[in-house]
Amino acid sequence: MSVMRRQVWSSMDAEARASIMHRGLDDIFEPSLRASIGELIDDVRERGDAAVCDALGTFDGIDVTPEGLRVTDDELDSAAVSDAVDAAIDDAMTHLRDFNEQQMARAADWSFESEPGLTVGEKITPITSAGLFTPSGKASYPSVAYQLAVPAVVAGVPELALVVPPVPGGSGEVDAAVLVVCRKLGIRNVFRVNGPAGIAALGFGTESIPQVRKIVGPGSPAVTIAQVEMQRHGVATMMLLGPTESMVVADDTADPVRLAADLLIEAEHGTDSSVVLVTTSATLADATDAELDRQIAELPDVRATAARASLGPNGGCIVVDDLDVAVTIANEFAAEHLQVAVADDQIDRVVDGLVNAGEILIGQHTPFSAGNFVIGCPASLPTSGFAHVSSGITADTFLKRTAIARADERAAARMAPSVIALADHEGFPAHAAALHLRNR
Ligand SMILES: NC(=O)c1ccc[n+]([C@@H]2O[C@H](COP(=O)([O-])OP(=O)(O)OC[C@H]3O[C@@H](n4cnc5c(N)ncnc54)[C@H](O)[C@@H]3O)[C@@H](O)[C@H]2O)c1
Ligand SMILES: N[C@H](CO)Cc1c[nH]c[nH+]1
Ligand SMILES: [Zn+2]
């Protein structure tokens with residue numbers, strides 16, 4: 001039986017096409033989950049640390065007192081990982097720091113004289129505080145910790161706090177690799193939390209956990225709902241870093257063995273992931289499917305089950321007539337991670353046409369896992385179609401732009417008739433009066 005659900009674009013009706021584009025949102029915003037997360041948020045607002053501790057007991061099976069929420073200096077200082085992981089974290093953080101510093105160098109204040117006597121521009125400053133959520137459920141995610149924290153540090157956010165659920169099945173300890181990342185970056189405000197309760201705690205502030213202005217980080221549906229709900233309470237959060245997803249656009253020159261391996265990368269995250277191959281070659285699709293079957297057999301059961309769901313009911317293979325159609329599909333899908341595996345002389349044409357994706361990785365030497373871990377591009381990226389309108393987490397996520405203008409007397413007089421005409425039309429006499437009195 002095929003691993004990938006196979007469809008031919010030219011024979012798919014509108015419903016079949018819409019179904020491949022749709023992912024995740026119904027599950028994420030399932031009404032009873034929304035209601036229970038809403039109650040949890042209210043509880044944290046009313047009872048602070050006590051509610052976070054209760055949620056840790058109920059949902060994560062961990063008993064802690066409020067004093068136990070903060071990861072101690074001793075835990076941070078003694079956290080240790082193998083030399084190989086330590087070196088890999090340094091390698092990754094160097095690339096990520098370089099990427100974000102390049103971005104910062106292009107985010108300079110600017111101004112210009114837009115007419116004689118009128119200067120306008122922008123001043124760019126970091127937000128004053130941010131909360132970083134590192135997931136810890138179906139996997140350990142030190143890479144998410146540095147994907148969030150390095151950009152925040154490079155942006156210069158003065159107050160940072162990181163929350164993370166304890167290792168599942170443990171006795172309350174936090175993944176040592178996450179702590180190593182925090183230590184390397186000088187982040188000492190680290191808290192063990194239940195996922196959604198931790199989001200609420202960052203938004204309201206509790207006795208132990210500092211209140212922040214913006215919360216970022218990918219997570220499970222419960223964590224995602226908590227972030228969306230906290231917008232009602234005046235906290236900035238992002239839309240929407242949900243279940244991991246990927247797409248590969250390939251032509252008949254792609255190597256099916258690498259293609260299968262690359263499709264399995266994000267497919268193994270969970271049964272809620274979605275992975276799609278769009279190809280001009282049915283022969284390549286057949287060969288890739290056979291390879292997928294062989295490579296999935298080598299995965300542990302839990303990852304194999306996730307991969308079959310991601311490539312089967314949640315995703316699949318779409319055979320298209322040409323690469324232009326593939327580009328149209330990729331832009332409509334707006335994948336979190338997108339790889340282009342086409343002939344060298346087609347790459348520019350395809351990449352030029354791609355506009356909606358969290359990241360675009362070019363060629364079969366650029367697998368998603370290199371992007372996830374080490375390349376230095378953002379890897380905490382918008383999912384569920386939000387790559388149509390938003391971007392991954394970078395230093396820019398932690399900056400804001402304030403417009404600045406200065407007019408002299410001559411420019412104010414020149415603008416007065418336009419201001420007064422529009423103020424009169426909108427019915428705001430005080431808006432008009434401020435210009436009238438300057439021009440008497
Ligand atoms: N978009 C991205 O950049 C990106 C990056 C990494 C991971 N991800 C995705 O993030 C997700 C991580 O999910 P995860 O489960 O591994 O970790 P998670 O930490 O996000 O979720 C687990 C936490 O949520 C709590 N929780 C779960 N359901 C709950 C409920 N109903 N009520 C209260 N608490 C509840 C658990 O007790 C635990 O504390 C995956 O879907 C993965 O694909 C996305
Ligand atoms: N694929 C994830 C982002 O969607 C990032 C990640 C971390 N670890 C493994 N993968
Ligand atoms: Zn991944």
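Residues numbered from 1 in each chain as written. Chains lettered and ligands numbered in written order. Predicted model: local features only at pLDDT ≥ 70, side-chain atom pairs only at ≥ 80, totals over all residues.

Under an unreviewed UniProt entry, the protein has the name Histidinol dehydrogenase and belongs to Ilumatobacter coccineus. Its UniProt record, at the heading Pathway (unreviewed entry), says of the protein: "Amino-acid biosynthesis; L-histidine biosynthesis; L-histidine from 5-phospho-alpha-D-ribose 1-diphosphate: step 9/9." Recorded in UniProt for the protein, the comment headed Cofactor (unreviewed entry) runs: "Zn(2+)". (UniProt positions renumbered as here; feature names shortened; annotations may be inferred.)

Draft legend 1. Focus on the overall build of the protein. Helix and strand content of the protein: 18 helices and 14 strands. A globule of 440 residues ought to have a C-alpha radius of gyration of about 22 Å, and the protein, at 25 Å, matches this closely. The principal-axis extent of the C-alpha atoms belonging to the protein is close to 85 × 60 × 45 Å. Looking at the protein residue by residue over its 440 residues, the buried ones come to 44%. Contacts spanning at least 24 positions in sequence make up 75% of the contacts within the protein whose residues lie at least 6 apart. (Helix = DSSP H or I, 4+ residues; strand = E, 2+ residues; numbered from the N terminus. Rg over C-alpha atoms; globule rule 2.2 N^0.38 Å. Buried ≥ 20, exposed ≤ 12 C-beta atoms within 10 Å, placed from the backbone. Contact = placed C-beta atoms within 7 Å.)

Draft legend 2. Representation of the site of ligand 2 within the structure. For ligand 2, the full set of nearby residues is Tyr141, Ser143, Val144, Thr244, Glu266, Glu336, Asn372, Ala379 and Leu381. Considered class by class, the residues forming the shell around ligand 2 number four nonpolar, three polar and two charged. Two domains each provide a minimum of three residues to the shell around ligand 2, namely domain 1 (6-24 + 243-376) and domain 2 (31-237). (Near = placed C-beta within 6 Å. Nonpolar A, V, L, I, M, F, W, Y, C, P; charged D, E, K, R; others polar. Domains from an automatic or database assignment.)

Draft legend 3. Representation of the site of ligand 1. Near ligand 1 there are 32 residues, and of these Gly137, Pro165, Gly195, Pro218 and Gly219 occur at the shortest range. Elements that contribute at least two residues to the shell around ligand 1 include exactly helix H3 (31-47), helix H4 (49-60), helix H9 (195-204) and helix H10 (221-230). At three residues, H3 tops the list of elements feeding residues into the shell around ligand 1. Class assignment for the residues of the shell around ligand 1 results in 15 nonpolar, 13 polar and four charged.

Draft legend 4. How the structure looks around the domain arrangement of the protein. One can read the domain layout of the protein as domain 1 (6-24 + 243-376), domain 2 (31-237) and domain 3 (409-439). Each partner contributes to the interface: domain 1 provides six residues, whereas domain 2 provides eight residues.

Draft legend 5. How the structure looks around the sheet that holds strand S1 (residues 6-8). Spatially, S1-S11-S10-S9-S12-S13 is the arrangement adopted by the six strands of the open sheet, whose pairing is parallel. Of all strands in the sheet, those with a lone pairing partner are S1 and strand S13 (359-362), marking the two edges. This sheet shows a mean twist of 20 degrees between the axes of neighbouring strands, independent of strand direction. (Pairing = 2+ DSSP bridges. Axes fitted to C-alpha atoms, helices over the stretch in contact; angles between N-to-C directions.)

Draft legend 6. Broad picture of the packing of helix H17 (residues 409-426) against helix H18 (residues 429-436). Axis separation between H17 and H18 bottoms out at 8 Å; the angle between their running directions is 160 degrees. One way to sum up the angle between H17 and H18 is to call them roughly antiparallel. Considering the relative orientation of H17 and H18, their crossing is left-handed. Contacts between H17 and H18 involve Ala416, Val419, Ile420, Ala423 and Asp424 on the former and, on the latter, His431, Ala432, Leu435 and His436. Counted by class, the contact of H17 with H18 contains six nonpolar, two polar and one charged residues. (Parallel < 35°, antiparallel > 145°, perpendicular 65-115°, else oblique. Left-handed = near helix turned anticlockwise from the far one by under 90°.)

Draft legend 7. Highlighting the pairing of S13. Across the two faces of S13 the burial differs, with Glu359 and Leu361 buried and Ile360 and Ile362 not buried at all. Where strand S12 (residues 337-341) meets S13, four bridges bridge the pair, whose relative direction is parallel. By the bridge assignment, Leu338 is partnered in S13 with Ile360. For the handedness criterion, the β-α-β arrangement of S12, helix H15 (residues 344-353) and S13 is classed as right-handed. (Right-handed = clockwise from strand over helix to strand, strands pointing away.)

Draft legend 8. Up close: H4. The first and last C-alpha atoms of H4 sit 16 Å apart over 12 residues, in line with the 16 Å expected at 1.5 Å per residue. For H4, every residue scored as buried is listed here: Asp49, Ala51, Val52, Cys53, Ala55, Leu56 and Asp60. Check the buried side of H4 and you find it contacts H3 and H9. Looking one or two places after H4, you find Gly61, whose phi comes out positive at around 65 degrees. (Expected span 1.5 Å × (residues − 1).)

Draft legend 9. Broad picture of unusual backbone geometry. Residue Leu240 follows Met239 across a cis peptide bond; omega there is -10 degrees. Positive phi, normally seen in glycine, also occurs at Ala334, with a value near 55 degrees. Mapped onto the secondary structure, Ala334 falls in the loop between helix H14 (323-333) and S12. The exposure class assigned to Ala334 is buried, which follows from the 24 C-beta atoms found within 10 Å.

Draft legend 10. Quick peek at the nonpolar core. Ranked by size, the top nonpolar core spans 117 residues in total, and within it Val52, Ala145, Ala149, Leu162, Val249, Leu263 and Ala330 carry the most contacts. Per-domain counts for this core show at least three residues from each of domain 1 (6-24 + 243-376) and domain 2 (31-237). Leave out the neighbours within four places in its chain, and Val249 touches Val278, Ala326, Ala330, Val340, Ala341, Val342 and Val350. (Core = buried A, V, L, I, M, F, W, Y, C linked by C-beta atoms within 7 Å.)

Draft legend 11. Examining the sheet that holds strand S2 (residues 110-115) more closely. Taken in spatial order, the three strands of this open sheet run S2-S3-S14, and their pairing is antiparallel. Each end of this open sheet is capped by a strand with a single partner; those strands are S2 and strand S14 (399-407). Going from strand to strand, the sheet's axes swing by 20 degrees on average, the running direction of each strand aside. Relative to strand S3 (residues 118-126), S2 runs antiparallel, the two sharing five bridges. Bridge pairing in S3 places Ser111 opposite Gly121.

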